[in-house]
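Structure assessment
The chain contents come next:
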Amino acid sequence: DAKTTQPPSMDCAEGRAANLPCNHSTISGNEYVYWYRQIHSQGPQYIIHGLKNNETNEMASLIITEDRKSSTLILPHATLRDTAVYYCIVRPRMFGNEKLTFGTGTRLTIIP
Amino acid sequence: DAGVIQSPRHEVTEMGQEVTLRCKPISGHNSLFWYRQTMMRGLELLIYFNNNVPIDDSGMPEDRFSAKMPNASFSTLKIQPSEPRDSAVYFCASSSGTGVSYNEQFFGPGTRLTVL
């Protein structure tokens with residue numbers, strides 16, 4: 001799986017958009033970008049994934065650069081409950097490659 | 001759906017004892033994963049099953065660890081004998097999908113294991 005690089009920590013004011021960057025310069029053509037988060041003492045939670053087009057769901061938006069070497073997860077209106085560690089993971093989406101390889105992630109703190 | 005169910009939620013045992021962690025995946029999911037999380041090593045995959053068959057057990061630390069999935073609704077992770085360095089939070093996750101496409105993983109609440 002391609003390696004990802006994320007800032008170790010970020011702060012964001014409550015109600016503002018939180019923009020979490022991820023670099024994956026060695027990503028292969030068949031690899032997707034996945035985002036998970038882990039709220040303290042809970043299991044990781046899936047947020048969103050994408051291949052090359054921007055994606056949006058009820059939780060967040062995912063912006064992937066045209067060369068696919070980096071991406072940004074956007075939480076449009078951050079709340080205190082969004083305080084968590086956010087993991088960016090790159091992997092193929094195919095049988096036999098289902099495992100998730102978690103890095104150290106970004107610890108996002110939402111400030112009241 | 002109740003989500004992925006793990007038991008026990010907390011386990012405290014003494015070194016040398018056998019420990020069995022249990023997991024019930026989401027109904028209809030055909031892939032099941034066991035992860036371990038520690039401060040030193042972060043979140044790491046131990047083993048995963050597809051249609052009850054182990055696919056990748058390269059993350060299992062050593063022979064003291066074993067995992068089984070006797071049917072689609074139940075899996076166990078056993079440590080025998082346990083050691084203090086096995087202290088960690090163990091997560092079970094499940095997902096659905098076949099062939100070239102599969103969906104996101106849903107994680108359980110975890111079992112916090114302490115080996116004294």
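Look up a bit, the structure's there.
To start, this report covers the structure provided alongside it. (Residues numbered from 1 in each chain as written. Chains lettered and ligands numbered in written order. Predicted model: local features only at pLDDT ≥ 70, side-chain atom pairs only at ≥ 80, totals over all residues. Heavy atoms only, no water.)

A short note on the overall build of chain A
- Helices and strands together make up the secondary structure of chain A, namely 0 helices and 9 strands.
- Counting helices and strands in the order they occur from the N terminus, chain A gives β-β-β-β-β-β-β-β-β.
- Along the first, second and third principal axes, the C-alpha set of chain A runs to 40 × 30 × 25 Å.
- When each of the 112 residues of chain A is scored for burial, the buried share is 46%.
- Here the contacts in chain A between residues at least 6 apart in sequence split such that 58% fall between residues at least 24 apart.
- The averaged location of the 10 negative side-chain charges in chain A is 3 Å from the averaged location of its 11 positive side-chain charges. (Helix = DSSP H or I, 4+ residues; strand = E, 2+ residues; numbered from the N terminus. Buried < 20%, exposed > 50% of the residue type's maximum accessible area, 1.4 Å probe, protein only. Contact = heavy atoms within 4.5 Å. Lys, Arg positive; Asp, Glu negative; His and termini not counted. Charge placed at Lys NZ, Arg CZ, Asp CG, Glu CD.)

A look at the interface of chain B and chain A
- With 23 residues of chain B in contact, the opposing surface of chain A contributes 19 residues.
- Between chain B and chain A the total buried area reaches about 1,800 Å² when both faces are included, carbon and sulfur atoms providing 51% of it.
- Put simply, chain B and chain A have 0 salt bridges between them.
- Linking chain B with chain A are 3 residue pairs in polar contact (both at pLDDT 80 or more), by the criterion used here.
- Here the side of chain B that touches chain A is composed, by residue class, of 11 nonpolar, 10 polar and 2 charged. (Buried area = accessible area lost by both parts, 1.4 Å probe. Salt bridge = Lys/Arg side-chain N within 4 Å of Asp/Glu carboxyl O. Polar contact = N/O pair within 3.5 Å; in protein donor to acceptor, adjacent residues only side chain to side chain. Nonpolar A, V, L, I, M, F, W, Y, C, P; charged D, E, K, R; others polar.)

Here's the deal with the sheet that holds strand 3 (residues 31-38) of chain A
All names here are of chain A.
- What the 5 strands build is an open sheet, ordered 1-9-8-3-4; its pairing is mixed. Every interior strand has two partners, whereas the edge strands, strand 1 (9-13) and strand 4 (45-50), have only one. When the angles between neighbouring strand axes are averaged without regard to direction, this sheet yields 25°. (Pairing = 2+ DSSP bridges. Axes fitted to C-alpha atoms, helices over the stretch in contact; angles between N-to-C directions.)

Topic: the side chain of E44 of chain B
Residues and elements named next belong to chain B.
- Along the chain, E44 turns up in strand 5 (residues 42-50).
- Within the structure, the side chain of E44 is placed 3.0 Å from the side chain of R41, a separation counted as a polar contact.
- Those residues in contact with E44, other than ones at most four positions away along the chain, are W34, Y35 and R36.

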